[in-house]
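# Examination of the molecular architecture
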Amino acid sequence: MGGTEHLTVRRENATLVLTLNRPEARNALSLPMLVGLYDGWVEADADDSVRSVVLTGAGGAFCAGMDLKALAGNGGQEGEQYRHRLKADPDLHWKAMLRHHRPRKPVIAAVEGYCVAGGTEIIQGTDIRVAGESATFGLFEVKRGLFPIGGSTVRLQRQIPRTHALEMLLTGRPYSAQEAAAIGLIGHVVPDGTALDKALEIAERINACGPLAVEAVKASVYETAELTETEGLAAELKRGWPIFDTADAKEGTRAFAEKRPPVYRRA
């Protein structure tokens, strides 16, 4: 199982848990963290026993954005290893942040504490989002004279009403978990310290479903998002009909009739 000095990877049943692990820096993004994140997404999609992914942060924070000083200063042999990875794939950091990459498996964000700047940008690439009640969100870039180039000017307006997207982007102010839920940025607000538990609960529900069906449904939602209704319905049929011919579909209906849990085999 992968991971780097700033990102830990562990299994929780059929869920791969990726933990941003620089608590002393509120899990600000470093090069080792970005390399670990990218490798985690690849590992999850390559391993058929993984049915979902949870992304969280250590030490009571999710992610405080990009650590420009750390990105510039990874010295020594290990630092060279990470820089070599970025040189070999100049888009690696964007893929790590889910800007240029969409995993096949469902990704659930479990947010505690700070989830700002690059943190708020990363969660826009996740599918389901849970936050502790004291979590803080926001895109602070304009306050620093910067641009939120992790995809927010494109994706945020597609995920929440444009008036809220523009207010978040143009004011650079912090948003509470309750505000973030009210505008639709996150789906659940839970007591502090329980976001990971809730995310894993959701993951277990996903894991109990047919994996081929889950992945096809996720793919259909994203690929039809910008199509007309007619185009989208045609694309949905193309994605959906083959699922009915799978052994998993037959197992699901048989298990329902026999009143037992299904045993899915990705077939």
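Just so it is clear, the structure is predicted and the values come from calculations on it, not from any experiment. (Residues numbered from 1 in each chain as written. Predicted model: local features only at pLDDT ≥ 70, side-chain atom pairs only at ≥ 80, totals over all residues. Heavy atoms only, no water.)

## Observations concerning the sheet that holds strand 5 (residues 114-116)
- Reading across from one edge, 5-7-8 is the order of the three strands in this open sheet, with mixed pairing throughout. Strands with a single pairing partner mark the edges of an open sheet, and in this sheet they are strand 5 and strand 8 (175-176).
- Taken together, the two bridges between strand 7 (residues 136-138) and strand 8 define a ladder with antiparallel strand orientation. Bridging from a neighbouring strand, T136 pairs with S176 of strand 8. (Pairing = 2+ DSSP bridges. Helix = DSSP H or I, 4+ residues; strand = E, 2+ residues; numbered from the N terminus.)

## Points about the layout of surface pockets
- Looking at the largest pocket, its volume works out to about 650 Å³.
- If you go around the largest pocket, you meet 29 residues; those closest to its centre are R102, Q124, D127, Q159 and Y222.
- Of all the secondary structure elements, the ones that give two or more residues to the lining of the largest pocket are strand 6 (128-132), helix 6 (152-159) and helix 10 (211-223).
- Ranked by the residues each element gives to the lining of the largest pocket, the list is headed by helix 10, at five residues.
- Approximately 530 Å³ is the volume found for the second largest pocket.
- As for the second largest pocket, its lining consists of 25 residues, and the residues nearest its centre are G65, M66, A117, E141 and L146.
- When residues of the lining of the second largest pocket are traced back to their parent elements, those giving at least two are helix 1 (31-46), helix 2 (68-72), helix 4 (92-96), strand 5 and helix 5 (118-123).
- Taken together, the residues of the lining of the second largest pocket sort by class into 17 nonpolar, four polar and four charged. (1 Å grid on protein atoms, 1.4 Å probe; cavity = no way out; pocket = protein on both sides within 12 Å on 5 of 7 lines; lining within 4 Å. Points joined across faces, edges and corners; volume = space filled by probe spheres on them. Nonpolar A, V, L, I, M, F, W, Y, C, P; charged D, E, K, R; others polar.)

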